[in-house]
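Analysis of the macromolecular model
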Number of protein chains: 4
Amino acid sequence: MKSAIEVKVRYQETDQMGVVYHGNYFTWFEIARVQLLEDLGFPYREMEKKGYFLPVLHCSCDFLKPSRFGDDLRIDVNLLSFIKIRLSLMYVVSKENEIIARGKSTHAFVDRNGKARKPPPYFQSKCNRLN
Amino acid sequence: MKSAIEVKVRYQETDQMGVVYHGNYFTWFEIARVQLLEDLGFPYREMEKKGYFLPVLHCSCDFLKPSRFGDDLRIDVNLLSFIKIRLSLMYVVSKENEIIARGKSTHAFVDRNGKARKPPPYFQSKCNRLN
Amino acid sequence: MKSAIEVKVRYQETDQMGVVYHGNYFTWFEIARVQLLEDLGFPYREMEKKGYFLPVLHCSCDFLKPSRFGDDLRIDVNLLSFIKIRLSLMYVVSKENEIIARGKSTHAFVDRNGKARKPPPYFQSKCNRLN
Amino acid sequence: MKSAIEVKVRYQETDQMGVVYHGNYFTWFEIARVQLLEDLGFPYREMEKKGYFLPVLHCSCDFLKPSRFGDDLRIDVNLLSFIKIRLSLMYVVSKENEIIARGKSTHAFVDRNGKARKPPPYFQSKCNRLN
């Protein structure tokens, strides 16, 4: 229940402090999350087509060191918990093997109208096995 | 067939050159465009609900002077042309009465699936009258 | 030690779920924070010129209800605490008087090179008085 | 004088029309441009450290087909012209070998204060040779 992705910091992601704007870390978390779901056999694109959505209920990030334009970063993602329709994930951002940020996000499975919806059975069994 | 909006430059919109990242001007153009449509009696939010969409076919911008965090900008928008399903608009960005950028965009009326769709009759008559 | 701002949701801020992308709330928090600093007599633009920077050490947000394109939102910001060089703020996002999100951020005063720096004395006295 | 990069469309890059927000193409162009400069032996990160900046004077894009979350895109970039301090580039965005967008950008070499500055001699000779 873990995955990792790599991103190279885009110029667009910097701000006038000369470092990455903090809000952009959540975009990287999302890329890692999408990868984790894909690795688990649930491409998010397909999930949405089948009417499963995973909006963010909560997210947070601790910024230990800045990241800069051109940096090669690695984002590790782990499943923290999966209870009923709620999924919690943890993220670690590293630069040359040094951790520069840590984050979390919590999501709920909902349908197209935002109502709680049980995740696909296969997803449940896969996660429960590993919980 | 003209409108204007005001924006205050957000920190998030700057990049490490200390000025606004160029791509963000297109977001401001969009705000001005939405205002123009609303002033014409076509709130974009309502249009989408009725199945009218206005994707961007072309956009461009000339950057004369930079803009910076905290700047108070004015974006003027004008209808350039409206032919069949195509709408062309022109934008002027000013800072303290000095023009700092000029842009254009072209749009087509399409339906939910991206197929060409005649604009609402009232829109046609309103624009044709002023063409 | 409180301020409030208003934002109208931009089309650019939405994602394909039809609601505002979660990361964008942090941009609104920043606008509210800048306003609070300005109301306290510390325009952030001036602070940076004098070599004071306020990078984000931590941020979080709880999303209670989605927000959508065209929504008129109000963001209230409060000073939670100010200890030595650390500033903590709290944010409440409302839509038609209903709270739709709550957030927090923590910042440190640093110099141009990212080293801890005591805030301007006037800032200290102003905040301490109200702590 | 050509390079190419690949990007996978991020969820954050979509809007409520279910496709990529048009302004984001300029971010991809920038990634391709940075790659071209690096391939030519001028990492943009180093250039800025040496006081060379390349702000955008003009940019445009024609959108032929939409791109969507998860799409694997290729962005080809070509040097169109290099005259004195001005650089013009052309971009082609493809999806599974089909061209979905074409763009252009023009830049000027400037110094830290935004004043025109001759590019590094080695850059001049390299580009002139290929013009």
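**Comments concerning the pairing of strand 2 (residues 56–63) of chain A**
Pairing analysis gives 7 bridges linking strand 2 of chain A to strand 5 (residues 98–108) of chain A, with the strands arranged antiparallel. Across the sheet, residue Ser60(A) finds its bridge partner in strand 5 of chain A, namely Lys104(A). Direction of pairing for strand 2 of chain A relative to strand 2 (residues 56–63) of chain C: antiparallel, over a ladder of 5 bridges. Residue pairing for strand 2 of chain C: Ser60(A) is matched across the bridge by Ser60(C).

**Here's the deal with the interface of chain D and chain C**
Listed as interface residues are 9 residues of chain D and, on the opposing side, 9 residues of chain C. A buried area of about 1000 Å², summed over both sides, lies between chain D and chain C, and 58% of it is on carbon and sulfur atoms. Its largest share of buried area at the contact with chain C, chain D owes to Tyr11(D), Gln12(D) and Gln16(D), together 59% of the area lost on that side. Remark: the boundary between chain D and chain C carries 0 salt bridges. Across the side of chain D that touches chain C, the residue classes break down as 4 nonpolar, 4 polar and 1 charged.

**Overview of the relation of the copies chain A and chain C**
In this arrangement, two copies of a chain are superimposed by a rotation about an axis accompanied by a shift along the axis. You can overlay chain A on chain C at an RMSD of 0.0 Å; the transform is a turn of 180° with a shift of 0.0 Å along its axis. Each copy turns onto its partner about a two-fold axis. Proximity to the rotation axis, assessed at the C-alpha, singles out Ser60(A) in chain A; its C-alpha lies 2.0 Å from the axis. Comparing interface residues between copies, 100% of those in chain A also lie at the interface in chain C; the contact surface is shared.

**A short note on the pairing of strand 4 (residues 86–95) of chain B**
Where a strand is regular, its side chains alternate between the two sheet faces. All names here are of chain B. The buried count for strand 4 comes to 7 of 10 residues, which makes it a mostly enclosed element. One ladder, built from 10 bridges, connects strand 3 (residues 72–83) with strand 4; its direction is antiparallel. Within the sheet, the bridge partner assigned to Asn78 lies in strand 4 and is Met90. In sequence, strand 3 turns back onto strand 4 through a hairpin of 2 residues, with Lys84 there showing a positive phi of about 55°. With 10 bridges joining them, strand 4 and strand 5 (residues 98–108) adopt antiparallel strand pairing. Pairing of Ser94 across the sheet is with Ile99, part of strand 5. Linkage of strand 4 to strand 5, two consecutive antiparallel strands, is achieved through a turn of 2 residues, within which Glu96 is found at a positive phi near 45°.

**Looking at the sheet that holds strand 4 (residues 86–95) of chain D**
Spatially, the 10 strands line up as an open sheet ordered 1(B)-3(B)-4(B)-5(B)-2(B)-2(D)-5(D)-4(D)-3(D)-1(D), and their pairing is antiparallel. Looking at the sheet topology across the chains shown, the edges are occupied by strand 1 (2–8) of chain B together with strand 1 (2–8) of chain D. Ignoring strand direction, the axes of neighbouring strands in this sheet form an average angle of 20°. Packed onto the sheet, helix 1 (residues 25–39) of chain B meets strand 1, strand 2 (56–63), strand 3, strand 4 and strand 5 of chain B together with strand 2 (56–63) of chain D and runs at close to 135° relative to strand 1 of chain B.

**Overview of helix 1 of chain B**
Residues and elements named next belong to chain B. Look at helix 1: 21 Å from first C-alpha to last across 15 residues, which is about the 21 Å you get at 1.5 Å a residue. Within helix 1, 11 of the 15 residues are buried, which leaves it mostly tucked inside the rest of the structure. Along helix 1, the residues classified as buried are Tyr25, Phe26, Thr27, Trp28, Phe29, Glu30, Ala32, Arg33, Val34, Leu36 and Leu37. At the C-terminal side of helix 1, Gly41 shows a positive phi close to 95°.

**A look at the interface of chain A and chain C**
Many descriptions give the size of an interface as the accessible area lost when the pieces come together. The interface is formed by 21 residues belonging to chain A together with 21 residues belonging to chain C. Together chain A and chain C conceal approximately 1800 Å² of surface at their shared face, both sides included; 54% is due to carbon and sulfur atoms. Looking only at chain A, the three residues that lose the most surface to chain C are Met17(A), Tyr21(A) and His22(A), adding up to 28% of its buried area. At the boundary of chain A with chain C, the tally comes to 12 residue pairs in polar contact (both at pLDDT 80 or more). Secondary-structure elements contributing two or more residues to the side of chain A that touches chain C are helix 1 (25–39), helix 2 (44–49) and strand 2 of chain A. When residues of the side of chain A that touches chain C are assigned to their parent elements, the largest contribution, 8 residues, is made by strand 2 of chain A. Residue composition of the side of chain A that touches chain C, grouped by class: 12 nonpolar, 5 polar and 4 charged.

**Comments concerning the relation of the copies chain D and chain C**
The transformation that overlays chain D on chain C combines an axial shift of 0.0 Å with a rotation of 180°, and the residual RMSD is 0.0 Å. A shared binding surface is used by both copies, with 100% of the interface residues of chain D retained as interface residues in chain C.

**Observations regarding the nonpolar core**
If you look at the biggest cluster of nonpolar residues, it comprises 86 residues, and the most contacted ones within it are Tyr25(A) and Tyr25(C). Setting aside anything within four residues of it in sequence, one finds Tyr25(C) in contact with Val20(C), Cys61(C), Phe63(C), Lys65(C), Pro66(C), Ser67(C), Val93(C), Ile100(C) and Ala101(C). The next biggest cluster of nonpolar side chains, apart from the first, holds 84 residues, and it includes Leu37(B), Val93(B), Ile100(B) and Phe63(D).

**Quick notes on the environment of Gly51(D)**
Residues and elements named next belong to chain D. Among the structural elements, Gly51 can be located in the loop between helix 2 (44–49) and strand 2. A residue is classified by how much of its surface remains accessible, and Gly51, at 7% relative accessible area, is buried. The sequence separation of Gly51 and Asp111 amounts to 60 residues, and the corresponding C-alpha distance is 5.5 Å. Setting aside chain neighbours within four positions, we find Gly51 in contact with Val110, Asp111, Arg112 and Arg117.

**A word on the environment of Asn78(D)**
Residue and element names in this part refer to chain D. Tracing the backbone shows Asn78 in strand 3 (residues 72–83). What makes Asn78 partly exposed here is its relative accessible area of 23%. Asn78 sits 10 residues away from Ser88 along the chain, and the two C-alpha atoms are 8.7 Å apart. The contact partners of Asn78, leaving out residues within four places of it in the chain, are Met1, Lys2, Ser88, Leu89 and Met90.

**Observations regarding the packing of aromatic side chains**
Two descriptors summarise a pair of aromatic rings, namely the distance from one centre to the other and the angle between the planes of the rings. In total, this model carries 54 aromatic pairs over all chains according to the counting rule given. Both rings, one in Phe109(B) and one in Phe123(B), keep their centres 5.1 Å apart while their planes meet at 65°; by these two values the pair is edge-to-face. Here Phe123(B) lies in helix 3 (residues 121–130) and Phe109(B) lies in the loop between strand 5 and helix 3, a separation of 14 residues in the sequence. Taken individually, Phe109(B) and Phe123(B) each receive the classification buried, so the pair is uniform in this respect. Three or more aromatic residues joined by ring pairs form one cluster here, namely Phe26(A), Phe29(A), Tyr91(A), Phe26(C), Phe29(C) and Tyr91(C). Against the face of Tyr52(B) rests Arg117(B), its NZ or CZ located 3.8 Å from the ring centre.

The rules behind each value
Residues numbered from 1 in each chain as written. Chains lettered and ligands numbered in written order. Predicted model: local features only at pLDDT ≥ 70, side-chain atom pairs only at ≥ 80, totals over all residues. Heavy atoms only, no water. Pairing = 2+ DSSP bridges. Helix = DSSP H or I, 4+ residues; strand = E, 2+ residues; numbered from the N terminus. Contact = heavy atoms within 4.5 Å. Buried area = accessible area lost by both parts, 1.4 Å probe. Salt bridge = Lys/Arg side-chain N within 4 Å of Asp/Glu carboxyl O. Nonpolar A, V, L, I, M, F, W, Y, C, P; charged D, E, K, R; others polar. Least-squares fit on C-alpha atoms with pLDDT ≥ 70 in both. Buried < 20%, exposed > 50% of the residue type's maximum accessible area, 1.4 Å probe, protein only. Axes fitted to C-alpha atoms, helices over the stretch in contact; angles between N-to-C directions. Expected span 1.5 Å × (residues − 1). Polar contact = N/O pair within 3.5 Å; in protein donor to acceptor, adjacent residues only side chain to side chain. Core = buried A, V, L, I, M, F, W, Y, C linked by side-chain atoms within 4.5 Å. Phe/Tyr/Trp six-rings, centres within 6.5 Å; stacked < 30°, edge-to-face > 60°. Lys NZ or Arg CZ within 6 Å of the ring centre and 35° of its normal.

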